[in-house]
Amino acid sequence: MSENVIEWLLAGPAWIRYAVEKEIFNEKPNIKQAINDFQILEIIDRLRDSGKGIPKIGLGYWDSDEYLNPYWDLYFFSDLGFEAEDLGLHQLIEGFLATQAREGHFITEPGMKPRYFCKSAIILSSISFMGFRDSPEVKKYVQLVLSTQRLDGGWYCNPDHDIGNDLQYEYSCPQDNLNILRLLGQYPEFREDNRCNGAIDLLLRHWELRDTGIRIVYFGTGHRYRSLQYPATRYGILRILDTLSMFPYALRHKSFHEMLEYVRSKRRNNKYWAEIHTPYTDLEGRDNPSRIITFIVSRIENRVEKFLKSSGSLLK
């Protein structure tokens, strides 16, 4: 990352300065200024809202394909490196965790079936990053998820795809794999665990098939997939790269680096613009380069650089 880009990132809102200092420079920045930013306070208020915030997860207010709800507000905060305690959200999240079913799953949308990990893993991964990684509820959820892993090492929310059932040899679901890997990737023991390799392979293989028109389950690799957006509600290249960059196994594959080079080809003056706008990139204005996207790419590059320094060039 060039000095000019670092200066530009640090000249941004207090919340992006906090993220850069903590997530890239591994410093302990002062959080007070970041959480008192009016944009951050607005999101905190939304999450605290008793009618549509964290207290009402799963009661009919949101869909994970939409923004400005706990799915993506928590995701945004977790990406910035914020802790739930610092934001005053700790008790609300504990209240959500108390809704865990005896089997270990969470219902986070109305009408949702217990095995829809593609939905609940978004929220579970985010609150884990925000200080709940070692909570008994999250650990129980992780063990449940692992117990449903399929033959190809991935996940699919329809039990007909389970081992021993009719569709056991079909592809796993890319969305399931992506969201579950984001959760598993924050645990050092899973970053090097071979059990994650099948799910990683599917995401890399999907990129390799990008010009064939082949879809995996319902997901393709066309314009929306390749566009820079933050965050991608369903399935997008930037979110995939950010998740896979936590796994050394993925970093050893040429396909990962091809994906990263494709993203880098979009930069102008080492900065990135949102190609699909969301409320989170719009925080800085639609006509401006996006600091949050530039930050995410920089974090991916930082992980890659550390990996290559520690292991050398071992690409497959």
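Everything numeric in this text was worked out from a predicted model, so none of it was measured. Every chain is numbered independently, its residues counted from 1 as its sequence is written. Given that the model is predicted, a residue must reach a pLDDT of at least 70 before its local features are reported, and side-chain atom pairs must reach 80 or more before they are shown or counted; all residues, however, enter totals for whole chains, interfaces and linings. Water and hydrogen atoms were dropped before computing side-chain values, which therefore reflect all heavy atoms in the structure.

1. Details of the overall build of the protein chain
Selection criterion: Labels follow the DSSP assignment, with helices taken as runs of H or I lasting at least four residues and strands as runs of E lasting at least two, numbered in each case from the N terminus. The quantity called the radius of gyration is restricted to C-alpha atoms. Its globule counterpart is 2.2 Å times the number of residues to the power 0.38. Think of it in three bands: residues with accessible area under 20% of the maximum for their type are buried, residues over 50% are exposed, and the middle band is partly exposed, with areas taken using a 1.4 Å probe on protein chains only.
Each helix and strand counted, the protein chain has 17 helices and zero strands in total. What you see for the protein chain is a C-alpha radius of gyration of 19 Å, in line with the 20 Å of a compact globule of 316 residues. Along the three orthogonal principal directions, the C-alpha set of the protein chain runs to about 55 × 50 × 35 Å. Every one of the 316 residues in the protein chain was classed for burial, and the buried ones make up 56%.

2. Comments concerning the packing of aromatic side chains
This is how it is decided: The pairing test for Phe, Tyr and Trp rings, Trp by its six-membered ring, is centres within 6.5 Å, and the orientation test on the planes gives stacked under 30 degrees, edge-to-face over 60, and tilted for anything in between. Whether a charge sits over a ring comes down to the Lys NZ or Arg CZ being within 6 Å of the ring centre and within 35 degrees of the ring normal.
What the rule picks out here adds up to 18 aromatic pairs. A ring pair is formed by phenylalanine 77 and phenylalanine 82, whose centres lie 5.6 Å apart and whose planes are at 50°; its orientation type is tilted. Following the ring pairs from residue to residue traces out a cluster consisting of Trp15, Tyr18, Tyr67, Trp72, Tyr75, Phe76, Phe77, Phe82, Tyr230 and Tyr280. One residue, arginine 210, lies across the ring of tryptophan 207, its end atom 4.1 Å from the ring centre. One cation-aromatic arrangement involves arginine 268 over tryptophan 273; the distance from NZ or CZ to the ring centre is 3.8 Å.

3. Details of the pattern of salt bridges
Threshold: The term salt bridge refers to a pairing of a side-chain nitrogen on Lys or Arg with a carboxyl oxygen on Asp or Glu at a separation within 4 Å.
Considering all chains together, one arrives at 20 salt bridges under this definition. Across the salt bridge formed by arginine 299 and aspartate 242, the nearest N and O atoms sit 2.9 Å from each other. Remark: aspartate 242 occurs in helix α14 (residues 237-244) and arginine 299 occurs in helix α17 (residues 291-311); sequence separation between them is 57 residues. Taken as a pair, arginine 299 and aspartate 242 share a single burial class, namely buried. Put simply, lysine 266 and glutamate 275 hold a salt bridge, and the shortest N to O gap is 3.1 Å. You can call glutamate 275 partly exposed: its relative accessible area is 38%. Several salt bridges share partner residues, and in doing so they unite Glu23, Asp79, Arg182, Asp242, Arg299 and Arg303 into one network.

4. Considering helix α7 (residues 90-97)
Threshold: Directions drawn from the helix axis to the C-beta atoms are what define this arc. Working rule for contacts: check all heavy atoms of both residues, and any pair within 4.5 Å makes them a contact.
For α7, every residue scored as buried is listed here: Ile93, Phe96 and Leu97. The arc that holds every buried residue of α7, seen down its axis, measures 100°, which confines them to one face. Along its buried surface, α7 packs onto α5 (70-80), α6 (84-87), α8 (117-132) and α9 (136-147).

5. Focus: the packing of helix α4 (residues 38-48) against α5
How we decide: For helices, the axis comes from a line fit to the C-alpha atoms of the stretch in contact; other axes are also lines fit to C-alpha atoms, and the angle between any two N-to-C directions lies between 0 and 180 degrees. Small angles under 35 degrees read as roughly parallel and large ones over 145 as roughly antiparallel, with 65 to 115 read as roughly perpendicular and the rest as oblique. By definition, any crossing whose near helix is turned counterclockwise from its far helix by less than a right angle is left-handed, and any crossing with a clockwise turn is right-handed. Amino acid classes used here: Ala, Val, Leu, Ile, Met, Phe, Trp, Tyr, Cys and Pro are nonpolar; Asp, Glu, Lys and Arg are charged; the rest, including Gly, are polar.
At a closest axis distance of 10 Å, the pairing of α4 and α5 adopts a crossing angle of 135°. With respect to each other, α4 and α5 are oriented oblique. In the crossing of α4 with α5, the sense of the turn from one axis to the other is left-handed. The segment α4 lies against α5, with Ile40, Ile43, Ile44, Arg46 and Leu47 engaging Pro70, Asp73, Leu74, Phe76, Phe77 and Leu80. Residue composition of the contact of α4 with α5, by class: nine nonpolar, no polar and two charged.

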